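Commentary on secondary and tertiary structure
Residue-level listing of the chains:
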Amino acid sequence: MASIHDDPQGRAGGLAPLCFGRGCRRAALRWLALVLSLIAAAAPADGGDEDRLLEVRDRHGALLLSLPMAEGEGWCLEWNHSVEGFPVLDCYRNRHGRMVLERSHQPDFAAGLGHVPGRGRQVSDGQGGYWIEDIGEPVPGNRYLLRVGALRVNHRLVRGGETTSLSALAAGQRVSIGLRPAPSS
């Protein structure tokens, strides 16, 4: 039986590597990200198209905030840019039980901001800033972790006319923001 030790270059089964260097690594990471997003998009959400709860939990799992989130309903995470101070928005939607990043508003090309070609499309907001529309990225596992900023940064959840300051609840703490099935009545 052959092993990688049978080949002086260490190639398993005598297969040559497909590519080398940073360009290959970046291409492989892009391919992996695409595959994972396709798997996440294709995975059925538990419980079908029923309504969900948008929950914010602290690092110990204690519930800090719970908002009902009907199928098709959206919300945004808004915060003040740590250097420039202007508000930035990442907007999500409950799409068939999946948390999907749909769009992002950025008033400037300040540090850490900007459009990545191939990830949505950039359109003017008519006021010197821009929206990145049609992102359509499902959030893996229907939740993500956030280190909540101080009140100066003021991370907040915005849904319709309601705004809840996460910084007032958990400044400096790691929280999870997730979409989960609403309990059956």
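Rules behind the numbers
Residues numbered from 1 in each chain as written. Predicted model: local features only at pLDDT ≥ 70, side-chain atom pairs only at ≥ 80, totals over all residues. Heavy atoms only, no water. Helix = DSSP H or I, 4+ residues; strand = E, 2+ residues; numbered from the N terminus. Buried < 20%, exposed > 50% of the residue type's maximum accessible area, 1.4 Å probe, protein only. Contact = heavy atoms within 4.5 Å. Areas by Shrake-Rupley, 256 points an atom, 1.4 Å probe, with all protein chains shown as cover. Patch = residues over 30% accessible without salt bridge, like charges linked within 9 Å, V, L, I, M, F, W, Y side chains within 5 Å. Salt bridge = Lys/Arg side-chain N within 4 Å of Asp/Glu carboxyl O. Lys, Arg positive; Asp, Glu negative; His and termini not counted. Charge placed at Lys NZ, Arg CZ, Asp CG, Glu CD. pLDDT = per-residue confidence, 0-100. Pairing = 2+ DSSP bridges. Axes fitted to C-alpha atoms, helices over the stretch in contact; angles between N-to-C directions. Disulfide = S-S within 2.5 Å. Polar contact = N/O pair within 3.5 Å; in protein donor to acceptor, adjacent residues only side chain to side chain. Phe/Tyr/Trp six-rings, centres within 6.5 Å; stacked < 30°, edge-to-face > 60°.

**Some thoughts on the overall build of the chain**
Looking only at helices and strands, the chain has two helices and twelve strands in total. Helices and strands in the chain line up, N terminus first, as α-β-β-β-β-β-β-β-β-β-β-β-α-β. Burial analysis of the chain (185 residues in total) assigns 36% to the buried set. In the chain, once contacts between residues fewer than 6 apart in sequence are set aside, the share between residues at least 24 apart is 53%. Roughly 11,200 Å² of accessible area belongs to the chain as shown, and the carbon and sulfur atoms make up 56% of that amount.

**Brief notes about a positive patch on the surface**
A surface patch of positive charge is lined by Arg59, Arg143, Arg147 and Arg174. Considering the arrangement of structural elements, one finds Arg147 in strand 9 (residues 143-147). With relative accessibility at 55%, the residue Arg147 sits in the exposed group.

**Quick notes on the confidence of the model for the chain**
Overall, the predicted model of the chain reaches an average pLDDT of 76, with 65% of residues at or above 70. Note on residues 1-20: pLDDT is under 50 here. Beyond four places in sequence and across chains, it has eight contacts. Within the model, pLDDT remains below 50 along residues 24-29, and this stretch shows one contact once partners closer than five positions in the same chain are excluded.

**So, the environment of Leu63**
With respect to the secondary-structure elements, Leu63 resides in strand 2 (residues 63-69). When its relative accessible area of 44% is taken as the criterion, Leu63 is described as partly exposed.

**Let's talk about the pattern of salt bridges**
In the structure shown here, the tally under the stated rule is nine salt bridges. Residue Glu55 pairs with Arg180 through a salt bridge whose shortest N-O separation is 2.8 Å. Placement of Glu55 in strand 1 (residues 52-58) and of Arg180 in strand 12 (residues 174-181) is noted, with a sequence separation of 125 residues between them. On the basis of relative accessible area, Glu55 is assigned to the buried category, the value being 6%. Across the salt bridge formed by Glu102 and Arg93, the nearest N and O atoms sit 2.9 Å from each other.

**Quick notes on the sheet that holds strand 12**
Read across the sheet, four strands follow the order 2-1-12-9 without closing on themselves; strand pairing throughout is antiparallel. Of all the strands in the sheet, just strand 2 and strand 9 have a single pairing partner and so form its edges. In this sheet, neighbouring strand axes are inclined to one another by 20° on average, regardless of whether the strands run parallel or antiparallel. Across six bridges, strand 1 lies against strand 2 in antiparallel orientation. Bridging across to strand 2, Arg57 finds its partner in Leu63.

**Focus: the state of the cysteines**
What the rule picks out here adds up to one disulfide. Two residues, Cys76 and Cys91, share a disulfide whose sulfurs are 2.1 Å apart. Since a negative S-S torsion denotes a left-handed disulfide, the Cys76-Cys91 link at about 100° is right-handed. Separated by 15 residues along the polypeptide, Cys76 in strand 3 (residues 74-80) and Cys91 in strand 4 (residues 87-95) bring together distant segments of the chain. The buried category is assigned to Cys76, whose relative accessible area is 15%.

**Focus: the side chain of Ser104**
The topology assignment puts Ser104 in strand 5 (residues 98-106). A polar contact is formed between the side chain of Ser104 and the side chain of Gln106, at a distance of 3.3 Å.

**Some thoughts on the packing of aromatic side chains**
For the coordinates displayed, the defined rule picks out two aromatic pairs. Arranged with centres 5.8 Å apart and planes meeting at 15°, the rings of Trp75 and Tyr92 form a pair that is stacked. Of this pair, Trp75 sits in strand 3 while Tyr92 is found in strand 4, placing the two residues 17 residues apart along the sequence. Each member of the pair, Trp75 as well as Tyr92, is classed as buried.

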